[in-house]
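# Structural overview
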Amino acid sequence: MTYREAYETWLKEFADDRATVDELKAIAGDEKEIEDRFYTELSFGTAGMRGVLGAGTNRMNLYNVRRATKGFADYINSQNPEYRQRGVVIAYDSRRMSPEFAKASALVLCHEGIHVYLFDELRPVPILSYAVRHLHAIAGIVITASHNPPQYNGYKVYWSDGAQLPPQHAAAIARELEHIDIFTGVRRMAYDDAAAQGLIQVMGRETDDRFMAHVMAMVNDRQSMAQVADTFKMVYTPFHGCGWQLVPEALRGLGVKHLYCVKEQMVLDGNFPTVASPNPENPEGFYLAIDLANQVGADFILGTDPDSDRVGIMVRSHDGSFVPVTGNQTGALLVQFVLTMKKAQLNEKSTLVKTIVTSDLGANIGRSFGLQIEETLTGFKYIGDKINTYEQTGDKEFVIGYEESYGYLVGTHARDKDAVVSAMLICQMAAWYKNQGKTLVDALHAVYEKYGYYLDALDSFVLKGKDGAEKIGALMQTF
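Residues numbered from 1 in each chain as written. Predicted model: local features only at pLDDT ≥ 70, side-chain atom pairs only at ≥ 80, totals over all residues. Heavy atoms only, no water.

## Focus: the overall build of the chain
Quick reminder of the rule: Secondary structure follows DSSP: runs of H or I at least 4 residues long count as helices, runs of E at least 2 residues long count as strands, and numbering of each begins at the N terminus. Here the globule rule reads 2.2 Å times residues to the power 0.38, and the radius of gyration is calculated from C-alpha atoms. The cut-offs for exposure are 20% and 50% of the maximum accessible area for each residue type, with area from a 1.4 Å probe on protein chains only; residues under the lower value are buried, those over the upper are exposed, and the others partly exposed. Surface exposure here means Shrake-Rupley accessible area, sampled with a 1.4 Å probe, where a residue is shielded only by the protein chains that are shown.
Within the chain, the regular secondary structure consists of 19 helices and 15 strands. A globule of 479 residues ought to have a C-alpha radius of gyration of about 23 Å, and the chain, at 23 Å, matches this closely. Buried positions account for 57% of the 479 residues belonging to the chain. Element-wise, carbon and sulfur atoms account for 49% of the exposed surface of the chain, whose accessible area totals about 19,700 Å².

## Thoughts on the nonpolar core
A general tendency of soluble globular proteins is for nonpolar side chains to be buried together. Rules: Put simply, a nonpolar core is a bunch of buried Ala, Val, Leu, Ile, Met, Phe, Trp, Tyr and Cys residues held in one set by side-chain atoms that sit within 4.5 Å of each other. Throughout, a residue-residue contact means that at least one pair of heavy atoms, one from each residue, lies within 4.5 Å.
Formed by 75 residues in total, the largest nonpolar core has its most connected members in F300, L302 and M424. For this core, the leading source of residues is helix α17 (residues 419-434), giving 12 residues. What F300 contacts, discounting residues up to four positions off in sequence, is F232, K233, M234, V235, I313, M314, V315, F322, I426, C427, A430 and L440. Core analysis: the next-biggest nonpolar cluster, separate from the first, contains 45 residues, A68, A102, I138 and C242 among them.

## A few points about the pattern of salt bridges
Here is the rule we go by: The term salt bridge refers to a pairing of a side-chain nitrogen on Lys or Arg with a carboxyl oxygen on Asp or Glu at a separation within 4 Å.
Per the stated rule, a full pass over the model turns up 29 salt bridges. The shortest N-O distance in the salt bridge between E33 and R37 comes to 2.8 Å. With E33 and R37 both in helix α3 (residues 31-38), this residue pair falls 4 residues apart, about one helical turn. Salt-bridge contacts for K417 lead to D309; the nearest nitrogen and oxygen are separated by 3.8 Å.

## With respect to the packing of aromatic side chains
Going by this rule: Each aromatic pair joins two rings of Phe, Tyr and Trp (for Trp, the six-membered one) with centres within 6.5 Å, and gets the label stacked for planes under 30 degrees apart, edge-to-face for over 60, and tilted for any other angle. Sitting over a ring, as applied to charges here, requires NZ of Lys or CZ of Arg to be within 6 Å of the ring centre and within 35 degrees of the ring normal.
For the structure shown, the criterion picks out 17 aromatic pairs. Seen in terms of ring centroids, F14 and Y63 are 3.8 Å apart; in terms of plane orientation they differ by 15°. Their pairing is stacked. One end of the pair, F14, is in the loop between α1 (3-13) and α2 (18-25); the other, Y63, is in helix α4 (residues 62-79), with 49 residues separating them in the sequence. Y63 shares its class with F14; the two are buried. With a centroid separation of 6.4 Å and 85° between ring planes, the pair formed by Y83 and W159 is classed as edge-to-face. Of this pair, Y83 sits in helix α5 (residues 83-86) while W159 is found in strand β5 (residues 152-159), placing the two residues 76 residues apart along the sequence. The two residues Y83 and W159 agree in class, both being buried. An aromatic cluster of at least three residues, connected via ring pairs, comprises Y7, W10, F14, F38, Y63 and F183. Above the plane of the ring of Y63 lies R66, whose end atom (NZ or CZ) is 5.9 Å from the centre. The ring of Y191 has K103 sitting right over it, with the charged end atom 5.0 Å from the ring centre.

## Here we look at a nonpolar patch on the surface
Quick note on the threshold: Two distance rules govern patches: like charges are joined within 9 Å, and nonpolar side chains (Val, Leu, Ile, Met, Phe, Trp, Tyr) within 5 Å, applied only to residues with over 30% relative accessible area and no salt bridge.
Among the surface-exposed residues, F461, L463, I472, L475, M476 and F479 lie close enough to one another that they form a single nonpolar patch of about 690 Å² accessible area. Mapped onto the elements, M476 comes out in helix α19 (residues 465-478).

## Some points on the sheet that holds strand β15 (residues 407-410)
Stated formally: Strands pair, by our definition, only if DSSP identifies at least two bridges between them. To get an axis, a line is fitted to the C-alpha atoms, and for a helix only the part in contact is used. The angle between two axes follows their N-to-C directions and goes from 0 to 180 degrees.
Pairing is mixed in the open sheet, where 4 strands are placed in the order β13-β12-β14-β15. Lying at the two open borders of the sheet, with one neighbouring strand each, are β13 (372-376) and β15. Along the sheet, successive strands turn relative to each other by an average axial angle of 20°, direction set aside. Pairing of strand β12 (residues 350-355) with strand β14 (residues 397-403) involves 5 bridges; the strand directions are parallel. Across the sheet, K354 pairs through a bridge with Y402, a residue of β14.

## Quick notes on the environment of R252
Note on placement: R252 falls in helix α12 (residues 243-254). Taking the C-alpha atoms as reference points, R252 and N153, 99 residues apart in sequence, are found 31 Å from one another.

## Overview of unusual backbone geometry
Leaving glycine aside, a negative phi is the common case for residues, and trans is the common case for peptide bonds. Positive phi, normally seen in glycine, also occurs at S146, with a value near 55°. Residue placement: S146 occurs in the loop between β4 (139-143) and β5. Residue classification places S146 among the buried positions, given a relative accessible area of 3%. One non-glycine residue, Y406, adopts positive backbone phi at about 70°. Summarising the element assignment, Y406 is placed in the loop between β14 and β15.

## Quick word on α17
Note the threshold: A helix is expected to span 1.5 Å multiplied by its residue count minus one. Whenever two N or O atoms come within 3.5 Å, that pair is a polar contact, provided that in protein one can donate a hydrogen and the other can accept it, and provided that, for residues adjacent in sequence, both atoms are side-chain atoms.
When the terminal C-alpha atoms of α17 are compared, their 22 Å separation across 16 residues agrees well with the 22 Å that a helix rising 1.5 Å per residue should span. For α17, the capping residue at the N-terminal end is D418, with a side-chain oxygen 2.8 Å from the backbone nitrogen of V420.

## A few points about the side chain of R316
Along the chain, the position of R316 falls in strand β10 (residues 311-316). Look at R316 and you get buried, because its relative accessible area is 16%. One polar contact links R316 to D299, side chain to side chain, over a distance of 2.9 Å. With residues up to four places along the chain from it excluded, the contact list for R316 reads A293, N294, A298, D299, S321, F322 and T439.

## A few points about the pairing of β14
Successive residues of a regular strand alternate their side chains across the two faces of the sheet. Of all 7 residues making up β14, 6 are buried, and the element is well covered by its neighbours. Examined bridge by bridge, β14 and β15 share 4 bridges and lie antiparallel to one another. Paired with E403 across the two strands is G407, which belongs to β15. The antiparallel hairpin formed by β14 and β15 contains 3 residues in its connecting segment, where Y406 sits at a positive phi of about 70°.

Here it is as structure tokens:
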């Protein structure tokens, strides 16, 4: 079927969906747009699906989400009948259509006889990872496009170990999708029927409380914060996302007295109206936080991305300006701090896990403490898989894992990067250095002086649409 035939088919088959038809008719004269929406289908891989919101085979919409969920349900049911009762946990972030996609996924699963645990409102990604294991569920789904621009949304899938879907499962689900007709092959149960039959279970604060107990168990130095609490001032922004509730809760639980949240960005809004991109890797997104920090006299700024699995920081330098600390730098500082705090607990099995694109600085710090170092392919799912392997074999013990793209994990409560526990530990680290009369910038220079200087920079290239996808493919083939 050509892209034009696919376009005409959607107009016919979804005639009862006026919003979809009206959207497609509005682009009737734009051949390039029609081609981009229909020349291919959203691919399903280890990260699930991600794409621009809108009507079309190459867009994130209810029809593609339902079809993906049907394929996922078919795969689960083909593996073991008992998996139905174990169920699937579903969470979502603050993006446009996230609640709708989460509910749509739930009702398709229920129609296929699979129990669903659905969060009552948006939650950070690490809670989804935690909940899958805590509930002994067979899998999890989280509706998010992480730190991407507002026109995107996504569908991330987790397996029973709490880590993102491994390649063999993703490939099997992709094969299931080949046999599912998007127009006739997907059915869903009415919500009231699912509730009446006990197939859907809404989850609330009780899961948060269990998760937060694990997060706060990572506190290993309350004294440092207590000593500087009267003068330690910090600013926090969730960039309109999921960190808005639990990150401040963790920071206050640590003992932060003067916590100032950027009120404009505490508003849950999937349009992310105050930033060009809700990504803590981009220093320009912190302009409101810097303004607030200057108003209240804070020296430390912390921000989390919309699904609260990444965290970025800025620190006031000695000349009064705010300096961004990169993911590699923050990771190295965390390694130094966490290992110093845990020094008495370390042993020959203690292990640090990093990705192959992450700086070697943190690894060299780990080696100086006697840690084993493991490298994985890019993506935190591989770090999560290492944690599972260590628990199964017992030959190594996970201490810390991180990647250069602002994702960190300390503790084994989750199998994905966790901005909640990371924010708390970074804040604890800042207080520890403040007690020594140092900022995190000072601490970084001390690390460089001891372990050598490491410089890193990131160039991002955005290549959109069919032409962009083809160029990316050609570049990767060349490499």
